[in-house]
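# Descriptive analysis of the structure
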Amino acid sequence: MFRNEEIDGIYYGSFETACSGIDEIIAEYVSLIDGLSKSSRDIWDKALRRDFDFGYESGPTAWRYTAEKIKELYHKRVFIVKLENVVPWGRTLEEYELMFSLSDKDKRKKILGCGDGPASFNMEIKKLGGSVVSVDPIYQFSKSQIITRIKEVRSLIMEQIYLNKNEYVWKNIKSPEMLESVRMSAMNAFLSDYDSGRLDSRYIYASLPNLPFQNNEFDLAVCSHFLFLYSEHFSESQHIESILELTRIAREVRIYPLLTLDGRESKHLPVV
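Residues numbered from 1 in each chain as written. Predicted model: local features only at pLDDT ≥ 70, side-chain atom pairs only at ≥ 80, totals over all residues. Heavy atoms only, no water.

### Structural notes on the packing of aromatic side chains
- Tallied over the full model, the rule gives 12 aromatic pairs.
- Each ring, one from F226 and one from F234, has its centre 5.2 Å from the other, and the planes form 70 degrees; the classification is edge-to-face.
- Of the residues examined, F234 reaches a relative accessible area of 29% and is grouped as partly exposed.
- Lying across the ring of F218, K110 places its NZ or CZ 5.4 Å from the centre. (Phe/Tyr/Trp six-rings, centres within 6.5 Å; stacked < 30°, edge-to-face > 60°. Buried < 20%, exposed > 50% of the residue type's maximum accessible area, 1.4 Å probe, protein only. Lys NZ or Arg CZ within 6 Å of the ring centre and 35° of its normal.)

Laid out in structure tokens, this is it:
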């Protein structure tokens, strides 16, 4: 049974189930979300925040829902990204070096790449003998699914780049044609490494603010084109929670850029 209502711009949903275990309940929750009507799914996809409260009302045994268990299941099962909403666009090791001022010493550290998507960064560092673990929601999809999505969006992205080319700084990358070539080269290198990288746990399906790692597991965490860039989509508290999570698992954190999509300093930056 499922109920929902809207109060002061906040949407509340609840459902009851005969399932007896938390894993089964989460699976049913995911199935329910996948089956939402188009209007309800639009509300879900555009929500700035989603809170989940799991509980029980009756039964012979109280379920022990610890905070860590809920975080683990939320990370694994409830953070849903639809393939048609993904816009894959990969970057190279050279670009990471420029964005994050990576030195040769840095490249020998144990690195977490947060939001790497279809970048060749992981593969290139591995070829140099280094260690990178990349996390991104896109890694829930298969290689063939990502290839299909790249083919679907490539021309659309380039069309927008040509329309707005005067808004770009053509310094390291000299032209839209060169940009397309660099991006496709990076994504093809990523795809050649993707299946083996998943088996090696170098590409992990995960997303901020809940990452499945131990405290100080990494020497360095880099986060590219996510935090601050989408300040209109993610709240100040979400930024703080995400950055605290990065500082929990890495001894040093570097984030790029600190500007929003319109090139302005993020409104969250002073508080963070």
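### Describing the side chain of H239
- With respect to the helices and strands, the residue H239 is situated in helix α8 (residues 236-249).
- Its relative accessible area of 1% is what places H239 among the buried residues.
- With sequence-adjacent residues up to four places away left out, H239 is seen in contact with L227, F228, Y230, S231, F234, H268 and V272. (Helix = DSSP H or I, 4+ residues; strand = E, 2+ residues; numbered from the N terminus. Contact = heavy atoms within 4.5 Å.)

### Quick look at the pairing of strand β7 (residues 250-256)
- Sheet analysis places strand β6 (residues 218-224) next to β7, joined by 6 bridges and oriented parallel. Bridge pairing links S224 to Y256 in β7.
- Once you follow β6 into α8 and on to β7, the crossover reads as right-handed. (Pairing = 2+ DSSP bridges. Right-handed = clockwise from strand over helix to strand, strands pointing away.)

### Notes on the confidence of the model for the protein
- For the protein, the average pLDDT comes to 82, and 72% of its residues sit at 70 or higher.
- Note on residues 56-80: pLDDT is under 50 here. Beyond four places in sequence and across chains, it has 45 contacts. (pLDDT = per-residue confidence, 0-100.)

### Describing the pattern of salt bridges
- Across all of its chains, the model carries 15 salt bridges by this definition.
- Among the ionic pairs, K107 bridges to E97, the shortest N-O distance being 2.6 Å. Placement of the pair is K107 in the loop between α4 (93-100) and β3 (110-114) and E97 in helix α4, with a sequence separation of 10 residues.
- Note on K107: relative accessible area 14%, which makes it buried.
- Across the salt bridge formed by D193 and R202, the nearest N and O atoms sit 2.8 Å from each other.
- Assessed through its relative accessible area of 9%, R202 is described here as buried.
- Taken together, the shared-partner salt bridges connect D106, K109, E252 and R254 into one network. (Salt bridge = Lys/Arg side-chain N within 4 Å of Asp/Glu carboxyl O.)

### Focus: the sheet that holds β3
- Read across the sheet, 5 strands follow the order β5-β4-β3-β6-β7 without closing on themselves; strand pairing throughout is parallel. Bordering the open sheet on either side are β5 (203-204) and β7, each of which pairs with just one other strand.
- As paired strands, β3 and strand β4 (residues 131-135) are joined by 5 bridges and run parallel to one another. Within β4, the position partnered with C114 by the bridge is V135.
- Along the sheet, α8 contacts β3, β6 and β7; its crossing angle with β7, the most-contacted strand, is approximately 140 degrees. (Axes fitted to C-alpha atoms, helices over the stretch in contact; angles between N-to-C directions.)

### Structural notes on helix α6 (residues 143-163)
- Its 21 residues give α6 an end-to-end C-alpha distance of 30 Å, which sits within 8% of 30 Å, the value for a rise of 1.5 Å per residue.
- Of the surrounding elements, those touching the buried residues of α6 are α7 (176-199). (Expected span 1.5 Å × (residues − 1).)

### A word on the packing of α6 against α7
- Contact pair α6 / α7: the axes reach a minimum separation of 12 Å and the direction vectors enclose 170 degrees. Viewed along their axes, α6 and α7 adopt a mutual orientation that is roughly antiparallel. For the pair α6 and α7, contact is made by K143, I146, I147, I150, R154, M158, I161 and Y162 and by P176, E177, L179, E180, M184, M187, F190, L191, Y194 and D195, respectively.
- Within the contact of α6 with α7, the residues separate by chemical class into 13 nonpolar, no polar and 5 charged. (Parallel < 35°, antiparallel > 145°, perpendicular 65-115°, else oblique. Nonpolar A, V, L, I, M, F, W, Y, C, P; charged D, E, K, R; others polar.)

### Some words on the nonpolar core
- With 21 residues, the main nonpolar core has I146 and F190 as its most contacted residues.
- Contributions of two or more residues to this core are made by α6 and α7.
- Per-element tally for this core: the top contributor is α7, with 8 residues.
- Excluding anything up to four places from it in sequence, I146 contacts I138, F141, F190, L191 and Y194. (Core = buried A, V, L, I, M, F, W, Y, C linked by side-chain atoms within 4.5 Å.)

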